[in-house]
Amino acid sequence: MKKMKLSIIVCAYNEQDSIKKCIEELLDQVINHHNIEIIIIDNDSKDQTYHIASECIKNSLFKNITLFSIEHCPLTGSRNFGLNVARGDYVAYIDADGYIMDKWISKLVANIQNDFDIFSGLVSINPSSSFFSKGIFYSHFLPSLESSSRKNKIIGANMAFKRSKLLSVKGFHTVPTGRGDETLVFSLLKEKFKSLKIIYDKSCKVVNSYPHKISIWFSQQIEEGRSGRSIDRSIYKIIIKSLFKLPSFILPIIVLVDFFFNISPNIYLSLLFLLFIRHLFRFQYYSNSIQTGFNNLGIQYILFFPILILGSVFLDFGYFFGLLDQRGRNYIISNPGKLLKKYPN
């Protein structure tokens, strides 16, 4: 069996509207790379995802591509199934609801020559996305990536690892909230190895999908907050973060109590001051948001700035929910789903 340098793993669940575009973009770029394989993991979709993917493979001239259908499991289990069947020295992960952009494979291969342990590219958005999706991408998602310390963040929709390193921590672990598993595996790798070669390449982009409704995004913010708590294991860090996030949690409660009891204005002023301090520590995020938002959205960005403030409040609420949720204090190795069928056989 021929040795592979890179295994590209695509995890899909009910992605009949996007899987064809995802696979075709990969096939267009990979055709002349004989030491690369593509692995499609269908997580027991209830729509036509498996059928559409198999038709793409049937009509392709590229032969190093395999489609697996597995029993439904968390995304982490799907990712681990791909890790186990991969033959490459490196494994890359992208999502089936997006697609790679121009020269993604050649840029990733070039970075492999630098012998990285962990790799992360950047994400973009489909020009045909909804108004809210574009707004929240340019006002929140992209600024978040730019304001975060790149030494502490990778992008789940566009990441790659040296396979031996990922196997050493037993792959991806299930986070109780269902979000943040890539951040967790990143933390586990940094704990296990004193020295890791980490490469970030902003030119290596994939298109991904983003929330199309404000309620979905607020829900994601809560889950991000809970996920952040489940990953934090340092008591010192938990206490410091809790103190900073406390005003977001207490202020709405005080407002409700004020309907029945007379709350001193001094209490409001104190909480608002602490809330101001909390958001002051997100200055880089808000600064990047304003710059990126106005550059891409123009005057319409003004509509999204209040949403970002509320999003930060929901994020803080999520962190406190994580403190109260016993499940949020543990994570486990994610077992891959059992194989149902594959194509070609």
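Residues numbered from 1 in each chain as written. Predicted model: local features only at pLDDT ≥ 70, side-chain atom pairs only at ≥ 80, totals over all residues. Heavy atoms only, no water.

A. Fine view of the environment of Met101. Turning to its location among the elements, Met101 is positioned in the loop between strand S5 (99-100) and helix H4 (104-112). For the pair Met101 and Ser124, spaced 23 residues apart in sequence, the C-alpha to C-alpha distance is 8.8 Å. Discounting residues that sit within four places of it in the chain, Met101 has contacts with Gln29, Ser124, Lys205, Val206 and Val207. (Helix = DSSP H or I, 4+ residues; strand = E, 2+ residues; numbered from the N terminus. Contact = heavy atoms within 4.5 Å.)

B. Structural context of the side chain of Asp316. With respect to the helices and strands, Asp316 occurs in helix H12 (residues 305-324). Owing to a relative accessible area of 0%, Asp316 belongs among the buried residues under this scheme. Of the polar contacts made by the side chain of Asp316, one reaches the side chain of Lys245; its length is 3.2 Å. Of the polar contacts made by the side chain of Asp316, one reaches the side chain of Arg278; its length is 2.7 Å. What Asp316 contacts, discounting residues up to four positions off in sequence, is Lys245, Ser248 and Arg278. (Buried < 20%, exposed > 50% of the residue type's maximum accessible area, 1.4 Å probe, protein only. Polar contact = N/O pair within 3.5 Å; in protein donor to acceptor, adjacent residues only side chain to side chain.)

C. Expanded view of helix H3 (residues 75-85). In terms of burial, H3 is a largely internal element, 8 of the 11 residues being buried. Residues of H3 that are buried include every one of Thr76, Gly77, Ser78, Arg79, Asn80, Phe81, Gly82 and Leu83, and no others.

D. Examining helix H1 (residues 19-30) more closely. For H1, which comprises 12 residues, the first-to-last C-alpha distance of 17 Å matches the rise-based estimate of 16 Å (1.5 Å per residue) to within 8%. When we look at burial in H1, the residues that qualify are Ile19, Cys22, Ile23, Glu25, Leu26, Leu27, Gln29 and Val30. (Expected span 1.5 Å × (residues − 1).)

E. Seen up close, a nonpolar patch on the surface. A surface patch of nonpolar side chains, amounting to about 1,300 Å² of accessible area, comprises Ile235, Tyr236, Ile239, Ile240, Leu243, Phe244, Leu246, Phe273, Leu274, Phe276, Leu280 and Phe281. Looking at the nonpolar patch, the elements that each hand over two or more residues are helix H9 (235-257) and helix H10 (265-280). In terms of residue count, H9 provides more of the nonpolar patch than any other element does, 7 residues in total. Note on placement: Ile235 falls in helix H9. (Patch = residues over 30% accessible without salt bridge, like charges linked within 9 Å, V, L, I, M, F, W, Y side chains within 5 Å. Areas by Shrake-Rupley, 256 points an atom, 1.4 Å probe, with all protein chains shown as cover. Salt bridge = Lys/Arg side-chain N within 4 Å of Asp/Glu carboxyl O.)

F. Spotlight on unusual backbone geometry. Following Tyr343, the chain continues into Pro344 via a peptide bond in cis, with omega recorded as -10°. Examined against the element boundaries, Pro344 turns out to sit in the segment after strand S11 (339-343). Non-glycine residue Lys103 carries a positive phi angle of around 65°. For Asp115, which is not a glycine, the phi torsion comes out positive at approximately 60°.

G. Local environment of the pairing of strand S6 (residues 118-125). With 8 of its 8 residues buried, S6 lies for the most part within the structure. Examined bridge by bridge, S6 and strand S7 (residues 158-162) share 3 bridges and lie antiparallel to one another. Note that in S7 the partner of Ser120 across the bridge is Met159. In terms of strand pairing, S6 meets strand S9 (residues 198-208) through 7 bridges, oriented parallel. Across the sheet, Ser124 pairs through a bridge with Val207, a residue of S9. (Pairing = 2+ DSSP bridges.)

H. Structural context of the packing of aromatic side chains. Applying the stated criterion across every chain yields a total of 18 aromatic pairs. The rings of Tyr285, Tyr286, Phe294, Tyr301 and Phe305 are connected pair by pair, giving a single aromatic cluster. Directly above the aromatic system of Phe186 lies the positively charged group of Lys190, at a separation of 4.8 Å from the ring centroid. It is Lys192 that lies over the ring of Phe193; its NZ or CZ is 6.0 Å from the centre. (Phe/Tyr/Trp six-rings, centres within 6.5 Å; stacked < 30°, edge-to-face > 60°. Lys NZ or Arg CZ within 6 Å of the ring centre and 35° of its normal.)

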